[in-house]
Amino acid sequence: MLKVEHLTKVYPGGTVALKDLSFEVSDGEFLVIIGLSGSGKSTLLRCINRLIDPTEGKVILDGIDVTASKGAELRHIRRKIGMIFQHFNLVKRSSVLTNVLNGRLGYLNPWTSTLGFFPADEKKRAMDALKRLSIDDKVDSRADALSGGQQQRVGIARTLMQEPTLILADEPVASLDPVLAHSIMQYLEQLNKEDKVTVICSLHYLDLIQRYATRVIGLKDGVKVFEGSPAEINREKFKEIYGEEAQDVRATALE
Amino acid sequence: MTDKKIFPKSLSVLLSIILPGLGQVFQRKYRSGISFFIAFATAFAVTLWYGKPIWFIIPAVIWIWNIWDIVSFPKGKGLVIPLLLWLLMAYGIGGQVTEFNLQALFSNFSRSRDMVSQLFKFDFVQPKAERIEGYTDIQSPCSDFPPAADHEENGVRVYVVQTCANVGDVITVIGEGFWPNQLTTFYWQNPIGGKAMATEATSDANGKVTLEWKVLSIVHTTAPDPTIPQIHRIKVSQSRPIGGMELSAVGGYIVQGIYETLALALLSTIIGAIFAIPFGFLAARNLMTANPVSTVIYMIVRTVLNIVRSIEALIMAIIFVIIVGLGPFPGMIALTVHTVAALGKLYSEVIEGIDPGPIEAIKATGANWLQVARYAVIPQIVPAFTSLTIYRWDINVRSSTIIGFVGGGGIGFFLWQWIVLQDFRAVGSAFVAIAVVVVILDFFSAKIRERLV
Ligand SMILES: Nc1ncnc2c1ncn2[C@@H]1O[C@H](COP(=O)(O)OP(=O)(O)OP(=O)(O)O)[C@@H](O)[C@H]1O
Ligand SMILES: [Mg+2]
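Residues numbered from 1 in each chain as written. Chains lettered and ligands numbered in written order. Predicted model: local features only at pLDDT ≥ 70, side-chain atom pairs only at ≥ 80, totals over all residues. Heavy atoms only, no water.

Caption draft 1: Structural view of the overall build of chain B. Tallying secondary structure elements over chain B gives 16 helices and eight strands in all. Counting every position in chain B, which comprises 453 residues, the buried fraction comes to 40%. Taking all contacts inside chain B whose residues are at least 6 apart in sequence as the whole, residues at least 24 apart take part in 65%. (Helix = DSSP H or I, 4+ residues; strand = E, 2+ residues; numbered from the N terminus. Buried < 20%, exposed > 50% of the residue type's maximum accessible area, 1.4 Å probe, protein only. Contact = heavy atoms within 4.5 Å.)

Caption draft 2: Structural view of the side chain of B:Thr365. Inspection of the secondary structure puts B:Thr365 in the loop between α13 (356–364) and α14 (369–408). A distance of 2.7 Å separates a polar atom in the side chain of B:Thr365 from the backbone oxygen of B:Ile362. Those residues in contact with B:Thr365, other than ones at most four positions away along the chain, are A:Arg78, A:Arg79, A:Asn102, A:Gly103, A:Leu105, A:Gly106 and A:Gln162. (Polar contact = N/O pair within 3.5 Å; in protein donor to acceptor, adjacent residues only side chain to side chain.)

Caption draft 3: Quick peek at the site of ligand 1. Residues and elements named next belong to chain A. Of all residues adjacent to ligand 1, which total 13 residues, the nearest are Ser37, Gly38, Lys41, Ser42 and Thr43. Tyr11 is positioned such that a nitrogen or oxygen atom in its side chain is 3.4 Å from a nitrogen atom of ligand 1. A total of 630 Å² of accessible area belongs to ligand 1 in isolation, and the protein chains cover 61% of it. Sort the elements by how many residues they give to the shell around ligand 1 and helix α1 (residues 41–48) lands first, with three residues. (Near = heavy atom within 4 Å. Areas by Shrake-Rupley, 256 points an atom, 1.4 Å probe, with all protein chains shown as cover.)

Caption draft 4: Spatial organisation of a nonpolar patch on the surface. Residues and elements named next belong to chain B. Among the surface-exposed residues, Met115, Val116, Phe120, Phe122, Phe431, Val432, Val436, Ile440, Phe443, Phe444 and Ile448 lie close enough to one another that they form a single nonpolar patch of about 1000 Å² accessible area. At the level of secondary structure, the elements contributing two or more residues to the nonpolar patch comprise α7 (109–119) and α16 (424–452). Looking at which element gives the most residues to the nonpolar patch, the answer is α16, with seven residues. Looking at where Phe444 falls in the secondary structure, it is placed in helix α16. (Patch = residues over 30% accessible without salt bridge, like charges linked within 9 Å, V, L, I, M, F, W, Y side chains within 5 Å. Salt bridge = Lys/Arg side-chain N within 4 Å of Asp/Glu carboxyl O.)

Caption draft 5: A look at the interface of chain B and chain A. At the junction of the two partners, chain B supplies 22 residues and chain A supplies 30 residues. Between chain B and chain A the total buried area reaches about 2100 Å² when both faces are included, carbon and sulfur atoms providing 58% of it. Between chain B and chain A we count two salt bridges in total. Summed over the shared surface of chain B and chain A, the result is eight residue pairs in polar contact (both at pLDDT 80 or more). For the side of chain B that touches chain A, the secondary-structure elements that each account for two or more residues are α13 and α14 of chain B. Among the elements that take part in the side of chain B that touches chain A, α14(B) stands out by supplying eight residues, more than any other. Residues of the side of chain B that touches chain A, tallied by class, amount to twelve nonpolar, six polar and four charged. (Buried area = accessible area lost by both parts, 1.4 Å probe. Nonpolar A, V, L, I, M, F, W, Y, C, P; charged D, E, K, R; others polar.)

Caption draft 6: View of the side chain of A:Arg104. Summarising the element assignment, A:Arg104 is placed in the loop between α3 (96–102) and α4 (110–114). What A:Arg104 contacts, discounting residues up to four positions off in sequence, is A:Glu122, A:Arg125, A:Met161 and A:Glu163.

Caption draft 7: Layout of unusual backbone geometry. Between B:Ser140 and B:Pro141 the backbone carries a cis peptide bond, its omega angle lying at -10°. Its place among the elements puts B:Pro141 in the loop between β1 (125–140) and β2 (150–153). Despite not being glycine, A:His6 shows a phi value in the positive range, around 45°. In this structure, A:His6 sits in strand β1 (residues 2–10). A positive phi angle, near 55°, is found at A:Lys196, a position not held by glycine. For A:Lys196, the position within the fold is in the loop between α7 (178–194) and β8 (198–202). For A:Lys196, a relative accessible area of 62% translates into the label exposed.

Read these as geometric descriptors, not functional statements.
This is how it looks when you write it as structure tokens:
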């Protein structure tokens, strides 16, 4: 469904965040991106939905060139791509319901929605999404009154409103404790398995990678240094991706 | 240290007499030489500028000390005493220049007590009363054919038996149709409307009141030529309480003034806030430093805001009074301009502080520019904007009181007039009214702002 071709991103400061990166993702995959901090994971995910404009290369989603599209066309592509963030990126002062409804903005009339009007069936859709993530009791709370795990569930509910075919998750569990991390990952897995949503997710924890990924891509300084199944990640590979120093820390988890 | 006496001592003493410190310098005691010179020169200059000869003692003593210092070379006399003298002079002259006078706080007490006590006799409300009023015009001094001093209106007649009045005459003023057995007030109003004389008499059982009134020369103080006959007016009135209280004349002005001040402050805050919004965006670093053109705009806007903000609203009001004339309008413009600059800066800081996360997230859902602004930007800035704006209104109410002093309208203008007229009861009432309004406003603005954060 997704083809990334020779993707390169050079930031204005001259940092080369991605270098000639190519890979493909098929429908229904749960692709995990791993790599050190600064290796370009976030940059890659944001190039896919064009929150960042790549310097060179192409992103093709279901045959449409994302990198060449703009305006309304780009917004139509974006509304089918959900995004989940490490810091949840909820609008803190708005209610949970408003935050979830925000996920639907791409489908709604821009004028009426800007005036604050959401149709009743959209509100129902939002309630259903919240129910699915078992957080419907918080519907009227302010987003910043919720715990981290609850906020991330609201973030996923917002994504559900998009009826996405692809979800980009940028370290979705990095600010949560291990138990919550599993519960959030299970929601993503559920979407992947039951709703057939393709997931591209960046992760740091090896146990999570091995538990949820169907395929793994390793990045180092913006270059793809690994691509394969999670089972293939051994001591050697890990050293390659995370560098010598990381070996001791991470490799123990492999034993 | 061995070649200390390289320079003849007697010569250096002579040098120090001519110019303090010079001898020390020639003896290579540079530090003490320069210190003596600076101490003497500054002390001399300050005394010269201040112009009170008594203070010349200080530079003179420093000069003598300097000679003594060089005479007792190589030991020297040190700089402590001249330094202390110098400080004494500095504080002494400083104190006199600022007319520092603690005693004045007490010595003028008895004189000020009458005024201060007036401040606490608030003139805000008065017992409700009904009035009967009448008047007659009267010529003074008398011409050959004076018009009759007799006027009747609404059943109240006031007349003067003598028809006209020369200074020193005793005239008979008679009022008819008043309430019986009631204290009655008489005012002499000169041709320009000033109160020249006032007295009281009591009416009889038929409601007739008679007053023998001596005409004093004071009634002619405003006349360019007191020998030319002019028309004056005698006003006669009674008033009696009918129960309950009402605003006094001063109270009415205070209410009007406070209302004007609040409205003026509110108007300038709202208009200022509206104009401040675009400036806030233009002065926000995170939005404007993406390309060179916008960076230049950013720097210009920021500089202008900073300059305008640093000009006191009061100074601006004076300038606008000169441009557009007296009244509430120049005060309003000044406050508005100041508000634009102050709020523009504060708004820009709010915008700089917004979290880019939600913007990114809502963009990613396929929302358009307008929707992103509405759902990601506005919720982040509106509470802070509102809070800052309310706070600004609070500040503007206080400034507009002061701005009223320079003719900018509102309570400040009345207050200024009462101070000039030495109507201390009104001044005290106005103070209290302003304080009450400011405290109430402060309380509610704090409460609202608390909610918003
Ligand atoms: N807006 C930017 N401007 C300039 N350089 C940037 C910008 N964003 C990221 N970079 C640089 O690009 C490189 C890749 O950053 P990126 O955020 O994609 O890494 P990451 O793998 O997501 O790291 P982390 O695990 O810390 O999130 C880094 O060297 C970073 O400093
Ligand atoms: Mg990242």
